[in-house]
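What follows is each chain in one-letter form.
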Amino acid sequence: MEKNSLHFYFKFTAIALLFLNCTKFGKAARGPSPALGKGTWQLLLNNTGVVAMHMALTHYNTVIMFDQIESGQSGYRLSHRHNGTRCRGTREDLEDSSCYAHSVEYDFLRNKIRPLHIETDTWCSSGSFLSNGTLIQTGGFGHGARRIRYLEPCAHGHNCDWKQTKRLLADDRWYSSNQILPGHDQIIVVGGRRVFTYEFVPRLSSNSFKSYDLPFLHNTYDKNEGGNNLYPIIHLSSDGHLFIFANRDSILFNYKINKVAKTFPRIPGNGSRSYPSTGSSVILPLSHSDLFERVEVMICGGAASDAFSAAQHGRFLPALTSCGRMEITGNKHEWKMENMPGPRLMSDMLILPTGDILIINGVKNGSAGSNSAANPSLQPYLYKPRKPFGRRFSVLRSTKIARMYHSSAVLLPDGRILVAGGNPNNRYIFRNVPHPTELRLQAFVPDHMDKKFDKSRPHNVSISSNGNDGVGYGKEFSVQFLLRNTRLRNVVFTAYAPPFTTHSISMNQRMLTLRCRNLVRAANGLINARLEAPPNPNVAPAGYYMLTVVNDGIPSVSQWVRFIHA
Ligand SMILES: *[C@@H]1O[C@H](CO)[C@@H](O)[C@H](O)[C@H]1NC(C)=O
Ligand SMILES: *[C@@H]1O[C@H](CO)[C@@H](O)[C@H](O)[C@H]1NC(C)=O
Ligand SMILES: *[C@@H]1O[C@H](CO)[C@@H](O)[C@H](O)[C@H]1NC(C)=O
Ligand SMILES: *[C@@H]1O[C@H](CO)[C@@H](O)[C@H](O)[C@H]1NC(C)=O
Ligand SMILES: *[C@@H]1O[C@H](CO)[C@@H](O)[C@H](O)[C@H]1NC(C)=O
Ligand SMILES: *[C@@H]1O[C@H](CO)[C@@H](O)[C@H](O)[C@H]1NC(C)=O
């Protein structure tokens, strides 16, 4: 009896399930992929309270924004200071920084902000997520320069807030960069203003807080041009080494033994790419198809030579137009240059769920820094890395709102790009300046998120894994989803590490195209994909990733998946 029912079960499922091939949908497909339009803009809030100098999306679907804290008034006035004393209407209190919020949590599902409290100055600092989704933030200005702060994100209705550790960094970290390392929750902090070292946080093995000299930072320093090597660009390569780029030069760095493993050729172009020349960078999506071995870096825009000093004299030189792409793995390294549709610096570069690159925010002339730029870049650019050379860039819909120095952008799980901030002034100034402080919050909606594509869009995506804590490296997990039309075409599964974004650098941003082992469609239409987690933490450091099902170039809403050291 037992045996019979089992037999019946197998027979039944064999009929009800349709086995599909993970990769061969292109063959069944007819006609070209949809032609995409230019996207749209939404105004979400008129006042975010604080300038989103720094912004990061948490796995609770909140966005943490913060500014410097000593700038006097912000756009969010508090009725009481953090220590409980009342903020009155006196001139003194109206000028007192502690009567204003300098950080907020934005809940994009409810379109609401909540004030957060930061104790010491976070001006031009850096950050990263730990493997459990805790946001770690390092450095800043003055008393904040050696501080380490944590925020354990929380669900709606809870009151998570910033905490400051007693432990201090070894060196001041103002304009430094972070990268999470493949080891257990270790972060490297590199550089900073007049600081030519790196250090590790949290240091797991010892109590002595030590920094290490990095001669590369001395060699790339332009003393008379504001440095041109601050906020160095860091990417973790899938061989476990760090790609570090500053000014015009780059190295492959073995941080474990403090050795430069490789020196790459200088990027062409008459100008620099690091702060205050502020270009931006991504590593192009890593793919299971080459076992994640091939890593290619892309750097776009920057400032002309001498742009910083020219700006001090009111001359705003045109920004760099060029981008460079270089493979950092293998043995042949050469920058392949191509031009954006226009000159640009201080832009954000984000990897979209489709694997295309969005270049958004920024300006056409000048340099980063207070009052140092002109001519905002109002049109985002889309870059399709797999198209033939010369056909990769397109120009998207213009916004009316300038996003200059101290603006930022992050990708949301619903496929929109949140755009916030902008303040080329030293305080919150709304009148009688060429470029006032900008507190409006916008979303850019790429055309692939438009309703007209809903018939191709995978929906009701859910993830199941065996463990509750996450998926171990190389382990299998399942993704279920539905499609309105029955046709699957070139289905791709991408995983995206949410970055910490500031000063055009999206720290820790990376995207992976995951291997699909098989696809099964049940009689009720539910499609089940068995996917393989990335093979190791060099490819994808442990933590929360946004998983997206992309069908024929149309992405689903993303769901969170956590990759863990099993
Ligand atoms: C922002 O302010 C403008 C002008 O007062 C108003 O028309 C608009 O509805 C406001 N938008 C939002 C999202 O609050
Ligand atoms: C509260 O904070 C304000 C501003 O920092 C300070 O002037 C005041 O002395 C504090 N009061 C108490 C009771 O701690
Ligand atoms: C996350 O990890 C950090 C560092 O190990 C730890 O301090 C924190 O308590 C953890 N948070 C949660 C929510 O587990
Ligand atoms: C590089 O640009 C600067 C202005 O930023 C200009 O003075 C100089 O002539 C240029 N050099 C070359 C080789 O084009
Ligand atoms: C920006 O650069 C262009 C090209 O050199 C120049 O024509 C324009 O006047 C500059 N704009 C400003 C505002 O300086
Ligand atoms: C799909 O998701 C929608 C919205 O969350 C829900 O109303 C619907 O019941 C789901 N459909 C299925 C078949 O699970």
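For the structure, check the block above.
In this text, all values refer to a predicted model and were calculated from it rather than measured experimentally.

Here's the deal with the pairing of strand β3 (residues 54–57)
Neither face of β3 is open: one carries H54 and A56, the other M55 and L57, and all of them are buried. Summarising the sheet, β3 and strand β4 (residues 62–66) pair through four bridges and their orientation is antiparallel. Each residue of the ladder has a partner; that of A56, found in β4, is I64. Here three bridges tie β3 to strand β39 (residues 500–502), and the two strands are oriented antiparallel to one another.

Re the packing of aromatic side chains
Scanning the model with the defined rule gives 23 aromatic pairs in all. On the numbers, 5.8 Å between centres and 85° between planes, the contact of Y198 with F200 is edge-to-face. Taking relative accessible area as the criterion, F200 reaches 9% and is therefore assigned buried. Within the aromatic cluster, the residues linked to one another by ring pairs are W123, F141, W174, Y175, Y231, Y275 and Y405. A cation sits over an aromatic face here: R193 above Y175, 4.4 Å from the ring centre. Here the guanidinium or amino end of R344 rests over the ring plane of Y381, the centre of that ring lying 4.5 Å away.

Topic: unusual backbone geometry
Following Y275, the chain continues to P276 via a peptide bond in cis, the omega torsion being 0°. On the secondary structure map, P276 appears in the loop between β19 (271–272) and β20 (280–283).

Comments concerning the side chain of T120
With respect to the helices and strands, T120 occurs in the loop between β6 (112–116) and β7 (126–129). Relative accessible area serves as the criterion here: at 13%, T120 is assigned to the buried category. Discounting chain neighbours no more than four positions away, the residues touching T120 are I69, H143, G144, R147, R149 and Q164.

Details of the site of ligand 4
Near ligand 4 you find N270, A304, S305 and L317, and these make up its full shell. Within the side chain of N270, a nitrogen or oxygen atom sits 2.3 Å from an oxygen atom of ligand 4. At a separation of 2.7 Å, an oxygen atom of ligand 4 approaches a polar backbone atom of S305. If ligand 4 stood free it would expose 360 Å²; the protein chains cover 33% of that surface. Looking at the shell around ligand 4 residue by residue, the class counts come to two nonpolar, two polar and no charged.

Overview of the sheet that holds strand β33 (residues 417–421)
One open sheet holds the four strands; their spatial order is β2-β34-β33-β32, and the pairing between them is antiparallel. Of all strands in the sheet, those with a lone pairing partner are β2 (40–45) and β32 (407–411), marking the two edges. Taking the axes of each pair of neighbouring strands and ignoring which way they run, one obtains an average angle of 25° across the sheet.

Section: the site of ligand 2
Around ligand 2 sit R81, N83, T85 and S98, and that is every residue in its neighbourhood. Within the contact set of ligand 2, an oxygen atom lies 2.3 Å away from a side-chain nitrogen or oxygen of N83. Coverage of ligand 2 by the protein amounts to 34% of the 360 Å² it exposes when considered alone. Considered class by class, the residues forming the shell around ligand 2 number no nonpolar, three polar and one charged.

Cut-offs applied
- Residues numbered from 1 in each chain as written.
- Chains lettered and ligands numbered in written order.
- Predicted model: local features only at pLDDT ≥ 70, side-chain atom pairs only at ≥ 80, totals over all residues.
- Heavy atoms only, no water.
- Buried < 20%, exposed > 50% of the residue type's maximum accessible area, 1.4 Å probe, protein only.
- Helix = DSSP H or I, 4+ residues; strand = E, 2+ residues; numbered from the N terminus.
- Pairing = 2+ DSSP bridges.
- Phe/Tyr/Trp six-rings, centres within 6.5 Å; stacked < 30°, edge-to-face > 60°.
- Lys NZ or Arg CZ within 6 Å of the ring centre and 35° of its normal.
- Contact = heavy atoms within 4.5 Å.
- Near = heavy atom within 4 Å.
- Polar contact = N/O pair within 3.5 Å; in protein donor to acceptor, adjacent residues only side chain to side chain.
- Areas by Shrake-Rupley, 256 points an atom, 1.4 Å probe, with all protein chains shown as cover.
- Nonpolar A, V, L, I, M, F, W, Y, C, P; charged D, E, K, R; others polar.
- Axes fitted to C-alpha atoms, helices over the stretch in contact; angles between N-to-C directions.

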